[in-house]
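Chains, contacts and geometry: an overview
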Amino acid sequence: SALSSSSSGPPAASAPGNTPIPVYAYLYQWFNASSWDRAKQDFPLAGRYSSDDAHVLRDQVGQAKGAGIDGFLTSWKSTDSLNRRLDLLVRIAHSENLDLGVVYEALDFSRHPLPVATVQHDLLYLVDRWGTSLTSRYYGRPVIIWTGTDQYTTGEVHVVKAALGNQA
């Protein structure tokens, strides 16, 4: 995860309604011990960790909070390992009062778009399974970022958005 923030305190407030503006950091949850062998030259201080390691995740959450980060945006698509890791991350983030949003990876490894039916199914699964746990204290509902939308038609994006309704 990249922990970058210019502020070390609470989130900055906007002038009009004094509403806090949350600061999020991006967290990849894709790593296992062998991931670090593929095209990596620099390694994290935590070593060649696995994203399944609760101790590493707790440390990352603590480091983020110490840096003034209000939440993580984590990369996800529906796979057994990423679903398991999201379960773990949701539990830890919730216990530490850290917001958690999801960046849905709608492109495959070759950068081709997933079928729109898969995107819709996955996003509905996401809000059905974790929606309550992902409810942002800043936005009042789950924060989901769908990457790769430029590979879909406007109509396809609207179909998925309509299926989600106001759930995210």
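Coordinates for the structure precede this section.
In this text, all values refer to a predicted model and were calculated from it rather than measured experimentally. For every chain, the first residue of its written sequence is number 1, and the numbers climb from 1 along that sequence. Residues qualify for local features only when their pLDDT is at least 70, as the model is predicted, and side-chain atom pairs are given and counted only at 80 or more; totals for whole chains, interfaces and linings, by contrast, use all residues. Each side-chain value is worked out from all heavy atoms of the structure, with water and hydrogens disregarded.

1. Things to note about the overall build of the chain
Looking only at helices and strands, one finds 4 helices and 4 strands in the chain. Here a helix means four or more residues in a row that DSSP labels H or I, a strand means two or more in a row labelled E, and each is numbered from the N terminus. Mapped in sequence order, the helices and strands of the chain form the string β-α-β-α-β-α-β-α. Exposure classes here rest on a 1.4 Å probe applied to the protein chains alone. A residue is buried below 20% of its type maximum, exposed above 50%, and partly exposed in between. Considering the chain as a whole, with its 168 residues, one finds that 36% of them fall into the buried category. The contacts in the chain between residues at least 6 apart in sequence include a share of 70% that link residues at least 24 apart. Residue exposure ignores everything except the shown protein chains as possible cover, and the areas themselves are Shrake-Rupley values with a 1.4 Å probe. Roughly 9400 Å² of accessible area belongs to the chain as shown, and the carbon and sulfur atoms make up 53% of that amount. In this description, contact between two residues means that some pair of their heavy atoms is separated by no more than 4.5 Å.

2. Some remarks on the pairing of strand 1 (residues 24-27)
Here strand 1 shows a buried face lined by Ala 25 and Leu 27 and an unburied face lined by Tyr 24 and Tyr 26. Two strands pair when backbone bridges link them, and strand 1 and strand 2 (residues 71-76) are joined in this way by 4 bridges, in the parallel orientation. From the neighbouring strand, Tyr 24 faces strand 2, where its bridge partner is Gly 71. Pairing between two strands requires that DSSP report at least two bridges joining them.

3. Thoughts on the sheet that holds strand 2
Spatially, 4 strands are ordered 1-2-3-4 in an open sheet, and the strand pairing comes out parallel. Looking at which strands have only one partner, the edges of the open sheet turn out to be strand 1 and strand 4 (144-147). The sheet shows a mean angle of 25° between the axes of neighbouring strands, direction not considered. To get an axis, fit a line to the C-alpha atoms, keeping to the stretch in contact for a helix; angles then go from 0 to 180 degrees between the N-to-C directions.

4. Concerning the packing of helix 2 (residues 80-95) against helix 3 (residues 116-130)
Direction vectors running N to C along helix 2 and helix 3 enclose 35°, while the axes themselves pass 12 Å from each other. Where helix 2 crosses over helix 3, the two elements pack in a sense that is right-handed. Contacts between helix 2 and helix 3 pair Asn 83, Leu 86, Asp 87 and Val 90 from the former with Tyr 125, Leu 126, Arg 129 and Trp 130 from the latter. Just so you know the grouping, Ala, Val, Leu, Ile, Met, Phe, Trp, Tyr, Cys and Pro go in nonpolar, Asp, Glu, Lys and Arg go in charged, and all remaining residues, Gly too, go in polar. Considered class by class, the residues forming the contact of helix 2 with helix 3 number 5 nonpolar, 1 polar and 2 charged. Crossing handedness is defined as follows: a turn of the near helix away from the far one that is anticlockwise and smaller than a right angle gives a left-handed crossing, while the clockwise case is right-handed.

None of the figures reported here should be taken as evidence of function without further support.
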